[in-house]
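Geometric and topological summary
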Amino acid sequence: MTEIVSTTPGLYPLPDWAKEDLKDLKGNQKEDLISGDEGPEIQAAYEEVRTEFIDAQKAAGLDRIVEGQGRWDDMIAHPLVVHDDVETRGIVRYYDNNNFYREPVVTDELEATGDVAAELESAAGQVDDALQAVLPGPYSLADLATDEYYDDSEAFLAAIADFLADEAGQFPDVETLFLLEPSLVENSPADGEDERASEAIDTVATATDADVVAYPYWGALEEKVYAHVMDADIDALGFDLVSNHDENVYNAQEYGTPDDVALGVVDGQNTEIESPETISDRVEWFAERTQQNDYSRIYATTNTETFYLPVNRFEEKLEALGAVQKTEVKA
Amino acid sequence: MTRDQFRPEAHDHDHFLLTTVVGSYPKPKWLHRARDLFEDEDSKFDAEAFEEAKDDAARLITREHERCGLDVVVDGEMRRNEMVEYFAHRIDGYEFNGPVKVWGHNYFDKPSVVDEVEYGEEWLVSEYEFTSDVATQPVKVPITGPYTLAYWSFNEVYEDSEQLAYELAELVNEEIEALVDAGARYIQIDEPALATTPDDHAIVGECLERIVDDIPEDVRVGLHVCYGDYSRIYPEILDYPVDEFDIELCNGGYEQLDVFKEPAFTKDLAMGVVDIHAREIEPVAEIKENIKKALEIVPPEQLTVSPDCGLKLLPREVAYQKMENMVTAAREVEAELDAGEIEVESPAPSADD
């Protein structure tokens, strides 16, 4: 029997009241954005946002609950921008989207800040046993950042991996850890780099007892990269079926998968709502074509973060995902 | 040539560098206040009063553009809130669900296409008619292009955003036909989304073919693209059916100037000579040097002088001073060209231009 687990990769859109309140409290210039030392009023606003995110996921009936990453102004570059030895410079484009983040520039040795752990501690009090952590994958975080200290791309990637492993080591008990790795698709690693990207994922994965899901999106991994990622000690690998189902299913057929898979079956970047039946059909479509892999668990998720969406549609997507396990999925 | 019709009759110099702006201009503070009152349910400030406020602002800013000496003016887009939202509100098939993040705490009310797009209420004809009634100078009409309207919306209906862009291009064509019937002779298509996805230049080209279909040849059509890597769309854009390209180069310190030198620039060039992201007002001498850089790409007969992009992010007095200095600089360069004091390096336009 395959267990279907509904979840999301986090990075939720702020509730509309919080968009306004936090803009007023913080300002909307680049120097006003999150730096990890926000005052009590701002902290209180984020506490309220966190509770709303958790309540929405519980109400939707999701099997894994994320903290929601409301504070992540710079999207998945967040763990670096709150670091004292990282400067944030100009506003740069976030992959191929009409979204921007502050370029983090590493200027000294990286050590864990505990920033993400603190968010999870706060969420843990409100979630019984289904808490899911979210971090950028090491390859993607290194790709989004600029190095002015390690002076060597290999050493930099290894340092980012150690940094993320130390962050994960400070987490409270979490059920699952999603490592978001869009750069593995968007800026595919070259020969040699692919093996190191896999080792970097391994470094983070071995730092936690949680089930680790390596989650690439915006397409499919190149075959060689896929083969290397399969060597990492991960529990599940992600497949973005919304952006490219054919190449993703091909990879799973050709090279196998870990015991579990995470399927991006709900579009995180479009307001059109998928019904629970459509979601089940997409999961089934993949499972039927890769029967040889005999999954013990399939995570059903949005294909990307969801901050791209207006709040009403985002909530409807959570509800559709939460309703999925109640329908018949033959996987 | 569509350009000569914009040369003022009483122009002082033999040479003529067409001076204009891209479109948006800082709104007077009282107009923001009027919008807040209009949107406040408890206020007695009604739709009629808000319309009057927008008319007043359009009148004021059109005159402000004339006062600083521009050859072709706009109303500063006083009636438009945002470059996609404004049009989406007027096109049938769109709906709004709420703001989405662009960066940090900056949001955009990104609309969704939930039904086939159709021409609903008119977009810009009354704006144009009002502005040209107020203005003594010719008026340009900036209009958001179909590629940007499609790619900066959620698409729930069409097979992909490309198909949506082509459908929207038909509507833009319909609007331009109506504008031309109303007397408009200078249309600028704004396609900032092309800068983010330069590989799609063929889609934009296909959209433009639909946009200019049946538009009379004496109507000047420009294309504005800003803040991107121009080497990825040049020289392909020279095949587009437009008269003029409006590009931003000042903000980047003219690092991309050489992109446009090879092959030769065969269209008219509207080049940004003041930076809209810097509050410092460029002195006339500096702007003259910037104009001379444009003359490395095209001869004076093909040159339009303009700011990098819309001025709306600047304080109003800064925006005004930048425009005034820009016009002064253009007139001084014209005089120097007349006197033969400036050597034009760019190749002369070929006979078939």
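Our subject is the structure listed above.
Bear in mind that the values here come from a model prediction, so they are computed numbers and not experimental data.

Each helix and strand counted, chain B has ten helices and twelve strands in total. Its C-alpha atoms give chain B a radius of gyration of 20 Å, near enough to 20 Å, the size a compact globule of 353 residues would have. Seen through its principal axes, chain B has C-alpha atoms that stretch 65 × 45 × 40 Å. Counting across all 353 residues of chain B, residues that qualify as buried make up 58%. Of all intrachain contacts in chain B linking residues separated by at least 6 positions in sequence, the fraction that spans at least 24 positions is 76%. Of the side chains in chain B, 31 bear a positive and 83 a negative charge, and the two mean positions are spaced by 7 Å.

This paragraph deals with the pairing of strand β11 (residues 268-272) of chain B. Residue and element names in this part refer to chain B. With five of five residues buried, β11 lies mostly within the body of the structure. Judged by which residues are buried, β11 turns out to be covered on both faces: D268, A270 and G272 on one side and L269 and M271 on the other are all buried. Across four bridges, strand β10 (residues 244-247) lies against β11 in parallel orientation. Bridged to E244 within β11 is D268.

Our focus in this paragraph is the nonpolar core. The biggest cluster of nonpolar side chains holds 113 residues, and the ones touching the most others in it are I189 and I291 of chain B. Look past the residues within four positions of I189 of chain B in its chain and what remains in contact with it is I143, G145, V172, I176, L208, I211, V221, G222, L223 and H224 of chain B. Counting residues in hydrophobic clusters, the runner-up holds 108 residues, among them Y46, L131, V212 and A214 of chain A.

It is worth spelling out the interface of chain B and chain A at this point. Taken residue by residue, the interface counts 18 residues in chain B and 31 residues in chain A. At the boundary of chain B with chain A, total buried surface from both sides reaches about 2100 Å², with 52% on carbon and sulfur atoms. A per-residue breakdown of the area chain B buries against chain A is headed by K101, W103 and H105 of chain B, which together make up 35% of the total. Summed over the shared surface of chain B and chain A, the result is one salt bridge. For R313 of chain A, the salt bridge is made with E95 of chain B, and the minimal N-O distance between the two is 2.8 Å.

This brings us to the pairing of strand β9 (residues 236-240) of chain A. Residue and element names in this part refer to chain A. Of all five residues making up β9, five are buried, and the element is well covered by its neighbours. Taken together, the two bridges between strand β8 (residues 211-215) and β9 define a ladder with parallel strand orientation. Across the sheet, the residue bridging to A214 is L237, located in β9. Handedness of the crossover is the feature at issue here: the chain leaves β8, passes through helix α9 (residues 223-229), returns alongside β9, and the resulting connection is right-handed. As judged from the five bridges shared by β9 and strand β10 (residues 260-266), these two strands associate in the parallel manner. Paired with A236 across the strands is D260, a residue of β10. Assessed by its sense of winding, the connection that carries the chain from β9 through helix α10 (residues 245-255) to β10 is right-handed.

The next subject is the packing of α10 of chain A against helix α11 (residues 276-289) of chain A. All names here are of chain A. It is the contact of α10 with α11, at a shortest axis distance of 9 Å, that shows an interaxial angle of 35 degrees. The two elements α10 and α11 cross, and the hand of that crossing is right-handed. Only W285, F286 and R289 of α11 make contact with α10, whose side of the interface consists of H245, D246, N248, V249, A252 and Q253. Looking at the contact of α10 with α11, its residues break down into four nonpolar, three polar and two charged.

All names here are of chain B. Read from one edge to the other, the open sheet built from three strands follows the order β2-β5-β7, with strand pairing classed as mixed. Every interior strand has two partners, whereas the edge strands, β2 (91-96) and β7 (154-155), have only one. Taken together, the two bridges between strand β5 (residues 111-119) and β7 define a ladder with parallel strand orientation. Paired with V113 across the strands is N155, a residue of β7.

What follows concerns the packing of aromatic side chains. According to the stated counting rule, one finds 31 aromatic pairs over all chains in the structure shown. Taking the centre distance of 6.0 Å and the plane angle of 45 degrees together, the rings of Y226 of chain A and F239 of chain A count as tilted. Pair noted here: Y226 of chain A is in helix α9 and F239 of chain A is in strand β9, with a separation of 13 residues, a long-range link. Of the residues examined, F239 of chain A reaches a relative accessible area of 0% and is grouped as buried. The structure contains a cluster of three or more aromatic residues connected by ring pairs, namely Y94, Y95, Y101, F178, Y215, Y217, W218, Y299, F307 and Y308 of chain A. A cation sits over an aromatic face here: R79 of chain B above F130 of chain B, 4.7 Å from the ring centre.

Glancing now at the packing of helix α6 (residues 153-169) of chain A against helix α8 (residues 193-205) of chain A. Residues and elements named next belong to chain A. One way to put it is that α6 packs onto α8 with a least axis distance of 8 Å and a crossing angle of 20 degrees. The angle between α6 and α8 places the two elements in the roughly parallel class. As for the relative orientation of α6 and α8, their crossing is right-handed in sense. Note on element contacts: α8 touches α6 through R196, A197, A200, T203 and V204, opposite E154, L157, A161, D162, L164 and A165.

Calculation notes
Residues numbered from 1 in each chain as written. Chains lettered and ligands numbered in written order. Predicted model: local features only at pLDDT ≥ 70, side-chain atom pairs only at ≥ 80, totals over all residues. Heavy atoms only, no water. Helix = DSSP H or I, 4+ residues; strand = E, 2+ residues; numbered from the N terminus. Rg over C-alpha atoms; globule rule 2.2 N^0.38 Å. Buried < 20%, exposed > 50% of the residue type's maximum accessible area, 1.4 Å probe, protein only. Contact = heavy atoms within 4.5 Å. Lys, Arg positive; Asp, Glu negative; His and termini not counted. Charge placed at Lys NZ, Arg CZ, Asp CG, Glu CD. Pairing = 2+ DSSP bridges. Core = buried A, V, L, I, M, F, W, Y, C linked by side-chain atoms within 4.5 Å. Buried area = accessible area lost by both parts, 1.4 Å probe. Salt bridge = Lys/Arg side-chain N within 4 Å of Asp/Glu carboxyl O. Right-handed = clockwise from strand over helix to strand, strands pointing away. Axes fitted to C-alpha atoms, helices over the stretch in contact; angles between N-to-C directions. Left-handed = near helix turned anticlockwise from the far one by under 90°. Nonpolar A, V, L, I, M, F, W, Y, C, P; charged D, E, K, R; others polar. Phe/Tyr/Trp six-rings, centres within 6.5 Å; stacked < 30°, edge-to-face > 60°. Lys NZ or Arg CZ within 6 Å of the ring centre and 35° of its normal. Parallel < 35°, antiparallel > 145°, perpendicular 65-115°, else oblique.

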